[in-house]
Amino acid sequence: MKKRLKIRKNSGKIKIGTGNLFEFPDLLGGQEGLAMKLAVCGASSSEKEQLCGWIMQYCRLYRLPVDIVCVDSREKLKAYPPGTFQIVFTAFGGAGGFLTARALREQDRNCRIVLVDDDARFAVQGVQMHFSNLLVRPIRFPAVAESMRLALAPLPGRYLGERV
């Protein structure tokens, strides 16, 4: 299931909150007019649909162009080449979900990863591997909005547009 939100390009800048103006942080490789490619991964179709809805709501609110792809298995996620997605929400859960996120990090250093799990046992490893955020179920819209804000923020110690 693929949902697409079409929004006119906004000179590569997004307004987040009040008064803060950020440029897309190398997510699009400096190319204007392109939509972010975002993956929502998990086995639960209802959870994926809820996450997709909240992410689309956030993107509409801040006028962010986005293509969202729902992925229902680890194998299907691994089939995408590195660099396909700028942001990935992985909600497979447990050690398998963490290992999937770790494999994604090893393949693509620039991808922003948000891990969704039932508890916070992978928090320390997630910080060490530079995940953008860890969401603990049950998930609410404010937590998804915060994860999007963190994923879109420039990485500390890096210049906008710089690739790793």
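Throughout what follows, the structure given in this document is the object of discussion. Per chain, residues are indexed from 1 in the order of the written sequence. Side-chain atom pairs in this predicted model are given and counted only at pLDDT of 80 or more, local residue features only at pLDDT of at least 70, and totals for whole chains, interfaces and linings cover all residues. Note that the side-chain values use all heavy atoms of the structure and ignore hydrogens as well as water.

**Some words on the overall build of the protein chain**
Counting from the N terminus, the helices are DSSP H or I runs at least four residues long and the strands are E runs at least two residues long. A count of helical and extended segments in the protein chain gives five helices and eight strands. Written out in order from the N terminus, the α and β elements of the protein chain read β-β-β-β-α-β-α-β-α-β-α-β-α. Burial status across the protein chain gives 45% buried among its 164 residues. Note on contacts: a residue pair qualifies if any of its non-hydrogen atoms lie within 4.5 Å across the two residues. Considering only intrachain contacts with a sequence separation of at least 6, the fraction spanning at least 24 residues in the protein chain is 64%. The classification of residues rests on relative accessible area computed with a 1.4 Å probe and restricted to protein chains. Under 20% of the type maximum is buried, over 50% is exposed, and intermediate values are partly exposed.

**Focus: the pattern of salt bridges**
By definition, a salt bridge exists where a carboxyl oxygen of Asp or Glu is found within 4 Å of a side-chain nitrogen of Lys or Arg. Here the structure, examined in full by the defined rule, presents six salt bridges. Between Asp118 and Arg137 there is a salt bridge, and its shortest N-O distance comes to 3.0 Å. Taken together, the residues Asp118 in the loop between β7 (112-117) and α4 (123-128) and Arg137 in the loop between β8 (133-136) and α5 (141-152) connect sequence positions 19 residues apart. The salt bridge partner of Glu146 is Arg149, with a shortest N-O separation of 2.7 Å.

**What about the packing of aromatic side chains?**
Put simply, two rings from Phe, Tyr or Trp (the six-membered ring, in Trp's case) pair if the centres are within 6.5 Å, and we call them stacked under 30 degrees between planes, edge-to-face over 60, tilted for the rest. One pass over the full model with this rule turns up five aromatic pairs. Each ring, one from Tyr80 and one from Phe85, has its centre 4.8 Å from the other, and the planes form 65°; the classification is edge-to-face. Within the aromatic cluster, the residues linked to one another by ring pairs are Phe98, Phe122 and Phe131.

**Section: the nonpolar core**
In this structure, Leu38, Ile55, Ile68, Ile87, Phe89, Val144 and Met148 are the most contacted members of the largest nonpolar core, which totals 26 residues. When residues of this core are traced back to their parent elements, those giving at least two are β4 (36-42), α1 (45-61), β5 (66-71), β6 (87-91), β7 and α5. With seven residues, α1 is the largest single contributor of residues to this core. Of all hydrophobic cores here, the second largest spans 17 residues; its members include Cys41, Val71, Met129 and Phe131. In plain words, nonpolar cores are sets of buried Ala, Val, Leu, Ile, Met, Phe, Trp, Tyr and Cys residues tied together by side-chain atoms within 4.5 Å.

**Side note on the pairing of β8**
Should DSSP find at least two bridges between two strands, the strands are taken to pair. Relative to β8, β7 runs parallel, the two being bridged by four bridges. Opposite Asp117, over in β8, you have Val136 as the bridge partner. A clockwise path from the first strand over the helix to the second, with the strands pointing away from the viewer, defines a right-handed crossover. Regarding topology, α4 serves as the crossover connection from β7 to the parallel β8, and that connection is right-handed.

**Concerning unusual backbone geometry**
In this structure, the amide linkage connecting Arg137 to the following residue, Pro138, adopts the cis form with an omega of 0°. In this fold, Pro138 is placed in the loop between β8 and α5. A positive phi angle, near 55°, is found at Arg63, a position not held by glycine. By the secondary structure assignment, Arg63 is in the loop between α1 and β5. In this model, His130 sits at a positive phi of 60°, which is unusual for a non-glycine residue. Topologically, His130 is positioned in the loop between α4 and β8.

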